[in-house]
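Here's the letter readout for the chains.
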Amino acid sequence: MTRPTRTIEESTFEGGGARLRRAPEDFLSPGEIAEVSSGRRGFLRGSFLAAAAAMAGGSVAGAGRALAADAAAGDDAILKLPPWSTSLGQPVAATPYGMPSKYETAMQRRQSPGLTQVAGSSVSFMPLQGMFGIITPSGLHFERHHQGWHDIDPSRHRFMVNGSTPDFVKKPKVYTLDDLMRMPSVSRMHFIECGANTGMEWGNVAVPTVQYTHGMLSCSEFTGVPLITLLEDCGADLKKGKFVLAEGADGSSMTRTIPMELVLSGEVIVAYGQNGEMLRPENGYPLRLVVPGVQGVSWVKWLRRVEVGDAPWATKDEADHYIDLMPDGQHRQYSSIQEAKSVITSPSGGQTLLDKGHYNVTGLAWSGRGKIKRVDVSFDGGMNWVEAQLQTPVLSKCLTRFNVGWNWDGRPAILQSRAIDETGFVQPGYRQLREVRGTRSIYHNNAIQSWKVAMNGDVSNVQVL
Amino acid sequence: MFKFSDRPRLFFTALAFAVVGGAGASFALDDFSGVGRTATPAELKAWDIDVRPDFLGLPKGSGSVDQGMDIWEGKCAVCHGTFGESNKVFTPLVGGVEKEDLKTGHVAALMRKDFPARTTFMKVPTVSTLFDYIRRAMPWNAPKSLGDDEVYAVLAYLLNLSDIVPSDFVLNDQTIRDVQKIMPNRNGMTFDHAMWPGKALSGKDVKPDTHAVACMKDCKTAPEIASSLPDYALASHGNLADQNRRVGQVRGQVTAASEAAATSGKPSAAALAEASGCLGCHAVSSRLVGPSYLEVADKYKGKDVSAQIFAKVRAGGEGVWGDIAMPPQEEIKDEDLKTLVAWILDGAPTK
């Protein structure tokens, strides 16, 4: 394993605006780095880097602000016009469906090696470490499939509503996408989190970055028909029917019991839209259930059927998987709500701070019980806390972005965030969580995440009691 | 244009109107007239396959342990092992249950912190769940291919492997009720938690179980670090420098060779196999659902079979390696499939 050691000196340009020093390997080719290390720096003369390097090495009094070093009339990125300023660019529709910049390849869904045995029943994690705001780009939405995914022809997809017995639904019906898209629709922003998110960390630190600790999390604007509208259209008995079963059309035909209370609230949506376009195949195209606040497995993908009944179903994914083992050997069944949780996404595990000085500590908070009321951040491992700023919009059962400024003085630090939701629920620490649930639950780990900052700027995953 | 396939739909719409009678004549904005149609009894039967713990939805049928063993060996053992013990494709199904558990209804091994394994029979409280699971989702690569009697039989076999029923047992829609009474973890579930919205489950409002308070100042004297990332785990997830943007307030740490260097130019054949979904069923050196690629290379060594194998993979099929069929591989491009076939016949080299 090769780790560059990076020394962090006093900031050269205090008050001078942009941070000017960068670690060489970030903008030099390997060949150039080799030349620098072998002492041949001549080729760099005239470049801005040489100026910065010279200043970093010698006396800096006043030099920074004036950019007076002879080699540095300024930044070559400014002084030498780049090709994009001096040539014709590409025409419209060169990429009919636009793609991210070729420089953005770092932002990808990734698997955690060794987590599962086969990729058809597995997880890919969302790259939280580089995301802004609250909306997850559809192509980066986390994935969890039980029996692989399909790209279903929407004209051949059907959605059925029926009752456990004819008593529960007077008029069992079948809808096509044509039908559903004629009905009144709503668009709402909600987070979706797998119940097993952070599940690898119950007992101890296991994975290096926020992508793997918290990346079974995404947030989108979903568009579709409230399930209650469809149940009413079919003459469902909403008093006797205390539960509904949602069922998928994939090989696993995923089934989950949904509380009628949530359906009655109008929050549960039979959705076809995601961030302004149709759902992505990996996320249930052409139809999925949206069950705000509840763990992802209940948001049944490739939704083909909803059944109304008076008792829960104890399906495979609520009697065999997705059950939480407690210290007394009992399993919690039908654990569904994702309780308040938060995480700092930058700086976070596996990253390195490039310099002392100012940082925007930023992260996400969410609660399955409603809105986020407050997020606190600690820089000393939980001894003292400050309130972070919540970025609007702050929506119910949706990700909320928080930010707080921090001046890193070069000393070790431990960064934490703590969410409080509108019910007054405070996100627990590992001690509190383990006291009641032990370490074998797998599901519903909403403990406070800690990131340790070392003197060399390296950030790593730790657990603080 | 009127197509023949539109006919049933129009018919059903008409039927729906007939059923609801006068309501069809209403022109209120939200009666959704013309939207959706009544489901037919045959359609309901085809899709409404769920079975509840009280056995509502259970189809009639029966199967013996012996019949189940044949099905298991033919269709399930490749992934789950002859005795349901395999860890290869998924966690073991059988094991960890003691005779005493059948009496208590609570698997004792679950209370032991030194017993990490959790097999299916240690967890599942309701036998209906297993019937429903196998009927809707197994075999994993050919879900919903078993008849109801086959589901009864293979479940009988699994129950026998777990010492819950004797080897001459016949499972049917009546005896399954007796099995429920001795399911080893039937009392192992609790609804006593605050993570279900509403009261319908436990009959009461349960409060959250963690009671954190938001202290702001001097909350403790020092942070106690209980666990840190082990060194091997830092490198186990690839090069973190490649997983972070090249601009911004931070960079990713260099923890391994660059991903870009590793996959420079064309993707490797192994990566292509992964991306094409082949590795869900094939591994290079061990048999999963299909033969290992080394076995394939070995079998055809020295023979010119590229075209034949190309056609076989494209069309799918069974019989060469066993009863399990490879589904047709239709998505993969000709050029990529050629690359893969050549790679496999060459012994699937890593470079």
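For clarity, every value in this text was computed on a predicted model and none was experimentally measured.

Remarks on the overall build of chain A
Within chain A one finds 11 helices and 24 strands. Counting every position in chain A, which comprises 465 residues, the buried fraction comes to 60%. Once local pairs closer than 6 in sequence are excluded, the contacts in chain A between residues at least 24 apart make up 70%. Of the accessible surface of chain A, which amounts to about 17,600 Å², a share of 55% is contributed by carbon and sulfur atoms.

Here's the deal with the nonpolar core
Counting 91 residues, the largest nonpolar core has Phe159, Leu227, Leu231 and Trp406 of chain A as its most contacted members. Looking at this core element by element, the count peaks at 5 residues for strand E17 (residues 357-366) of chain A. Lining this core are residues from two domains, each supplying at least three of them: domain 2 (122-332) and domain 3 (341-462) of chain A. Once residues within four sequence positions are removed from consideration, Leu231 of chain A is found in contact with Val161, Ala236, Leu238, Val244, Met260, Val263, Val306 and Val308 of chain A. Core analysis: the second largest hydrophobic core is formed by 51 residues, Leu325 of chain A together with Trp140, Ile164 and Leu288 of chain B among them.

A look at the interface of chain B and chain A
By a frequent convention, interface size equals the accessible area lost on bringing the separate parts together. Taken together, the 108 residues of chain B in the interface contact 137 residues of chain A. Carbon and sulfur atoms make up 56% of the surface buried where chain B meets chain A, a total of about 10,100 Å² over both sides. The largest per-residue losses of area from chain B upon contact with chain A belong to Trp47, Met195 and Gln249 of chain B, which jointly make up 9% of the total buried on that side. For Asp209 of chain B, the salt bridge identified is with Arg437 of chain A, shortest N-O distance 2.8 Å. If one sorts the elements of the side of chain B that touches chain A by residue count, helix H6 (residues 127-137) of chain B sits on top with 6 residues. Tallied by class, the residues present in the side of chain B that touches chain A amount to 50 nonpolar, 30 polar and 28 charged. Both strand E4 (residues 173-176) of chain A and strand E1 (residues 37-38) of chain B contribute to a ladder of 2 bridges, which runs antiparallel. The residue bridging Val174 of chain A from the neighbouring strand is Arg37 of chain B, located in E1 of chain B.

Quick notes on the pairing of strand E24 (residues 459-464) of chain A
Across the 6 residues that make up E24 of chain A, a large majority, 5, are buried. Bridge count between strand E23 (residues 450-453) of chain A and E24 of chain A: 4 bridges; the pairing is antiparallel. Paired with Val453 of chain A across the bridge in E24 of chain A is Val459 of chain A. Taking the residues that link successive antiparallel strands as the turn, the E23 of chain A-E24 of chain A hairpin has 5 residues, and the phi of Gly457 of chain A there is positive, at about 95°. Judged from the 3 bridges that link them, E24 of chain A and strand E5 (residues 225-228) of chain B form a sheet pairing that is antiparallel. Following the sheet pairing, Val464 of chain A is matched in E5 of chain B by Ile225 of chain B.

Some points on the confidence of the model for chain B
Residue and element names in this part refer to chain B. Chain-level statistics for chain B give a pLDDT mean of 87 and a share of 89% at 70 or above. Below a pLDDT of 50 lies the segment residues 1-26, which in the model reaches 17 contacts outside its immediate sequence neighbourhood of four places, other chains included. Two summary scores accompany this predicted model of the complex, namely pTM at 0.81 and ipTM at 0.85.

Focus: the state of the cysteines
Residue and element names in this part refer to chain B. As enumerated under the stated definition, the model contains 1 disulfide over all chains in all. Two residues share a disulfide in this structure: Cys215 and Cys219, whose sulfurs sit 2.1 Å from each other. For the disulfide bridge between Cys215 and Cys219, the dihedral angle about the S-S bond is near -100°, and by the sign convention the bridge is left-handed. By relative accessible area, Cys215 is classed as partly exposed at 27%. Looking at Cys219, the relative accessible area reads 29%, which means it is partly exposed. Here Cys278 stays free of any disulfide, with the sulfur of Cys281 as its closest cysteine sulfur at 8.8 Å. Cysteine Cys281 is unpaired, with the sulfur of Cys79 as its nearest cysteine sulfur at 7.5 Å.

Some points on the pattern of salt bridges
Enumeration according to the criterion identifies 38 salt bridges over all chains in this entry. With its nearest N and O atoms 3.4 Å apart, the salt bridge here joins Arg109 of chain A to Glu143 of chain A. Highlighted residues: Arg109 of chain A in the loop between helix H5 (83-86) and strand E1 (122-124) and Glu143 of chain A in strand E2 (residues 143-145), separated in sequence by 34 residues. The class for Glu143 of chain A is buried, based on a relative accessible area of 14%. A salt bridge links Arg37 of chain B to Glu43 of chain B; the shortest N-O distance between them is 2.8 Å. Taking the relative accessible area as the measure of exposure, Arg37 of chain B reaches 12% and is therefore buried. Here the salt bridges share partners, and the residues they tie into one network are Glu247, Arg304, Arg305 and Glu307 of chain A together with Asp48, Asp50, Asp132 and Arg136 of chain B.

Thoughts on the side chain of Gln351 of chain A
With respect to the element layout, Gln351 of chain A can be found in strand E16 (residues 351-353). Take Gln351 of chain A: its relative accessible area is 0%, and that puts it in the buried class. Of note is the side chain of Gln351 of chain A, whose polar atom sits 2.9 Å from the backbone nitrogen of Ser348 of chain A. Those residues within four positions of Gln351 of chain A in sequence are excluded, and the remaining contacts are Gln129, Thr345, Ser346, Gly457, Asp458 and Val459 of chain A together with Asn244, Val250, Arg251, Gly252 and Gln253 of chain B.

A word on the confidence of the model for chain A
Residues and elements named next belong to chain A. In this model, chain A carries an average pLDDT of 88, and 85% of its residues clear a pLDDT of 70 or more. With pLDDT under 50 throughout, residues 1-29 is counted as low confidence; its partners more than four residues away or in other chains account for 56 contacts. Low confidence marks residues 35-70, where pLDDT is under 50. Its contacts with residues over four positions away, or in another chain, come to 36 contacts.

A closer look at helix H13 (residues 306-315) of chain B
Residue and element names in this part refer to chain B. Within H13 the residues assigned to the buried category are Ile309, Phe310 and Val313. Buried residues of H13, seen end-on, are gathered within an arc of 105° and therefore sit on one face of the element. Away from the buried face of H13 by more than 90 degrees, exposed residues Ala307 and Ala315 are located. Of the surrounding secondary structure, the elements contacted by the buried residues of H13 are helix H14 (334-345). Gly316 sits one or two residues past H13 and shows a positive phi near 75°.

Notes on the pairing of strand E12 (residues 303-309) of chain A
Regular strands place side chains that alternate from one sheet face to the opposite one. Residues and elements named next belong to chain A. With 7 of 7 residues buried, E12 lies mostly within the body of the structure. The sheet contact formed by strand E3 (residues 158-163) and E12 spans 4 bridges and is parallel. For Met160, the partnering residue across the bridge sits in E12 and is Arg305. Summarising the sheet, strand E7 (residues 243-248) and E12 pair through 6 bridges and their orientation is antiparallel. Bridged to Gly248 within E12 is Leu303.

Scoring rules and cut-offs
Per-chain numbering applies: the sequence of each chain, read as written, is numbered from 1 onward. By the order in which they are written, chains take letters starting at A while ligands take numbers starting at 1. Per-residue local features are limited, in this predicted model, to residues with pLDDT of at least 70; the limit for side-chain atom pairs, both in listing and counting, is 80 or more; totals at the level of whole chains, interfaces and linings are taken over all residues. Each side-chain value is derived from all of the structure's non-hydrogen atoms; neither hydrogens nor water enter the calculation. Elements are defined by DSSP. Helices are runs of H or I of four residues or more, strands are runs of E of two residues or more, and each kind is numbered from the N terminus. In this scheme, a residue with accessible area under 20% of its type's maximum is buried, one over 50% is exposed, and one in between is partly exposed, where area comes from a 1.4 Å probe on protein chains only. Two residues form a contact once any of their heavy atoms are found within 4.5 Å. Note on areas: Shrake-Rupley, 1.4 Å probe, and residue coverage restricted to the protein chains presented here. Within this scheme, the nonpolar core is defined by two criteria: the residues are buried Ala, Val, Leu, Ile, Met, Phe, Trp, Tyr or Cys, and they are joined through side-chain atoms within 4.5 Å. Here the bounds of each domain stem from an automatic or database domain assignment. Note on definitions: buried area is the accessible-area loss of two parts on being combined, 1.4 Å probe, summed for both. Counted as salt bridges are all cases of a side-chain nitrogen of Lys or Arg within 4 Å of a carboxyl oxygen of Asp or Glu. Under the convention adopted here, Pro, Cys and the residues Ala, Val, Leu, Ile, Met, Phe, Trp and Tyr are nonpolar, Asp, Glu, Lys and Arg are charged, and Gly plus all remaining residues are polar. Any two strands with at least two DSSP-identified bridges between them are counted as paired. What pLDDT expresses is the predictor's confidence in each residue, scored from 0 to 100. To count as a disulfide, a pair of cysteine sulfur atoms needs to be within 2.5 Å. The definition of a polar contact used here is a pair of N or O atoms within 3.5 Å, where within protein one atom must be able to donate a hydrogen and the other to accept one, and adjacent residues in sequence count solely through side-chain atom pairs. Working definition: the arc comes from the directions between the helix axis and the C-beta atoms, pointing outward to the latter.

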